[in-house]
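# Examination of the molecular architecture
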Amino acid sequence: MKKYNKSLLFTIFAISGVLFFSSCSSNSKERDAAEATSAMIEGNEKIVAFGHISAMDILNKADYKSVPKVNTILGSVLGNWKRGLEIEKPIYYALEAPFRHDGTPETVYAIINIKNQDTLASIISGDMGYSLEKEGDISYHQEDDVTFGIRNKLLIIISKPADYDGKAAMKAAFALTEGDLSEDTAEEIIREKGDIVSGIDVARLLNTSNTELEKLPAEKKEHLDELVEGAYIKTVAKFNNGMATIDSKNIFSDELKDELFFKDKNGTTLVKQLGGGNPWMGVALNLDLRKGESFLAEYLPTAQKRLTEDFPGEVKFALLALGQNPLSKLFSGQAGMVFTGNPKSEMGMELDYNSYLGLGPKGDLLQKVLDEQFSGFGEKKGDTYIIGDLRVKSTKKAIAASSGKATGGQLNLPSYAKNFGEDSFSMFIAFEKMDVQSLELEDAAKVVEILQYVTINVNRDGSKMVIAAKKKNVNILKQATDFYAKQIMDKMDAMGV
């Protein structure tokens, strides 16, 4: 009985193993877009950014069908493509480095699931008028810098701003989709849910886009490689009722985070320096400048030089005289500004504000420059220059400036900005308090009229941006669609169309 059981188990395992390995080898050409993208990332080390876009979810949240003319055009196009593609599923993408000066990647890949290959081929060849060529089991067509190819369950689109062989590029792309799948963080990002999801491989980005790294001594290059190994930035954008969120996570080792400029958990130390009143906008910085400068000097010296290249000549000279880490000698890394007063009455005029700039151990150099600039204007009371409504206070620790009515006490921050000033960077804008229409913005930017507020917070673990609309029970994309649709209709009415 035992022998029988052992033989049976051995047979089952043997058959299972054969089936498993044969299925892996035969099904690599039957992968969906998510798996194909995962394999492409794993097989091509020049791919530094990737992710997916839920295009149909975004369009449905925007309620494009409620705009008659848009629905007439877009609805018919989508209905056509829907017969050949699984457009309800995300569109996956991968960006290949190096990036050009204008930010254009070397190559863009889009990977989409196919619903019906024959229908898709007929749409491309019939409706679009493109003649498909055949290379093995791949049907493809190249039009200038764009090539699209069909094989089994996948449509791959390649965009490359240069002369290239579309057939060869498409064969290589499909070959990559058959390789090993990504693991760990890259796979996690590929599977992440969200309207827009992106991942950046920090190690690959550094190694492919910055040639000065190759000039580093071997030991420094090795240490930097160790620091960024496995480091990713994952960003997820979601569009919900009354709110959009863009949430980024720094998937870094603690050692890497410790070497960067982050300086979090500052409590109210900065906010206490910004006077009182009811602010409707604020920006705050808490940076470890010494760490930031040291990191750049150690690994990216050219980038460090670019930080100061636009400074006035006398400031550059002063920085040179300070030797290493000059910025951290001049500044403490803590700075902030809040706008107070009545934003509705002050748009376009001089605003009421309070600002603070923390000084470092050599900050007296800035104080001398300040004395030279203000000595001939206004009056000086103690350590404060007074020029009309402008007050500039200069001490060993900081330079503080304010304009408008002096406000004492503490800041009365909006509820959504209660943690303002605590992170390495924080910002808020209370659009609800502003007369946005008086700003005379470009048409595309006037959509801020529907917003209540925007907040941004950045710390060592990542960043989060919240865009909140005034209406809370309607998707923010739907609100934006309605706004632009009304804007267009109003213009057409004014033209008598």
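Our subject is the structure that appears above.
Every chain is numbered on its own, with residues counted from 1 as its sequence reads. In keeping with the predicted nature of the model, local features appear solely for residues at pLDDT of at least 70, side-chain atom pairs appear and are counted solely at 80 or more, and the whole-chain, interface and lining totals rest on all residues. The side-chain values count all of the structure's non-hydrogen atoms but skip hydrogen atoms and water molecules.

### Remarks on the overall build of the protein chain
- For the protein chain, the count of helices and strands is 17 helices and 20 strands.
- Only protein chains enter the accessibility calculation, which uses a 1.4 Å probe; a residue is then buried when its area is under 20% of its type maximum, exposed when over 50%, and partly exposed in between. The buried share of the protein chain, taken over its 497 residues, is 41%.
- In this description, contact between two residues means that some pair of their heavy atoms is separated by no more than 4.5 Å. The contacts of the protein chain with a sequence gap of at least 6 include a subset with a gap of at least 24, amounting to 68%.
- In the protein chain, 60 side chains carry a positive charge and 71 a negative one; their mean positions are 5 Å apart. Numbering of helices and strands runs from the N terminus, with a helix taken as a DSSP run of H or I at least four residues long and a strand as a DSSP run of E at least two residues long. Positive charges are assigned to Lys and Arg, negative charges to Asp and Glu, while His and the chain termini are left out of the count. In plain terms, the charge of a residue is placed at NZ if it is Lys, CZ if Arg, CG if Asp and CD if Glu.

### Focus on the nonpolar core
- With 45 residues, the main nonpolar core has Val392, Phe420, Phe431 and Leu451 as its most contacted residues.
- Counting residues per element, this core draws most heavily on helix H17 (residues 476-494), which supplies 4 residues.
- Ignoring sequence-local partners within four residues, the contact set of Leu451 consists of Phe431, Glu432, Ile467, Ala468, Ala469, Lys470 and Ile476.
- Joining through side-chain atoms within 4.5 Å is the link that ties buried Ala, Val, Leu, Ile, Met, Phe, Trp, Tyr and Cys residues into a set, and such a set is a nonpolar core. Residues Ala33, Ala94, Ile111 and Val197 belong to the second largest nonpolar core, which totals 26 residues.

### Remarks on the pairing of strand E15 (residues 384-387)
- The pairing criterion is simple: DSSP has to find at least two bridges between the two strands. Examined bridge by bridge, strand E14 (residues 379-381) and E15 share 3 bridges and lie antiparallel to one another. When the bridges of E15 are listed, Lys381 appears paired with Thr384.
- Adjacent in sequence and paired antiparallel, E14 and E15 are bridged by 2 residues, among which Gly382 carries a positive phi angle near 65°.
- Both E15 and strand E16 (residues 390-394) contribute to a ladder of 4 bridges, which runs antiparallel. Considered in E16, the bridge of Thr384 is made with Lys393.
- Connecting E15 to the next strand, E16, in antiparallel fashion are 2 residues, including Gly388 with a positive phi near 65°.

### Notes on unusual backbone geometry
- Along the chain, Ala97 connects to Pro98 via a cis peptide bond; the corresponding omega equals 5°.
- Not every positive phi belongs to a glycine, and Lys265 is a case in point at roughly 55°.
- If you trace the backbone, Lys265 turns up in the loop between helix H10 (254-259) and strand E11 (281-286).
- The class of Lys265 is exposed, set by a relative accessible area of 79%.

### As for the packing of helix H2 (residues 33-43) against helix H7 (residues 184-191)
- With axes taken as lines fitted to C-alpha atoms, and helix axes fitted only over the stretch in contact, angles between N-to-C directions fall between 0 and 180 degrees. Viewed as axis vectors pointing N to C, H2 and H7 meet at an angle of 150°, and their least axial separation amounts to 10 Å. Classified by the interaxial angle, the pair formed by H2 and H7 is roughly antiparallel. When you trace H2 past H7, the crossing you get is right-handed. In contact with Ala34, Glu35, Thr37, Ser38 and Ile41 of H2, H7 contributes Glu187, Ile190 and Arg191.
- Partitioning the contact of H2 with H7 into residue classes produces 3 nonpolar, 2 polar and 3 charged. What sets the label is the angle itself: under 35 degrees gives roughly parallel, over 145 gives roughly antiparallel, 65 to 115 gives roughly perpendicular, and the rest give oblique. For any helix crossing, the convention is left-handed if the near helix is rotated counterclockwise from the far helix by under a right angle, and right-handed if that rotation is clockwise. In this classification, Asp, Glu, Lys and Arg are treated as charged, Ala, Val, Leu, Ile, Met, Phe, Trp, Tyr, Cys and Pro as nonpolar, and every other residue, Gly included, as polar.

Shape descriptors only; they carry no functional weight alone.
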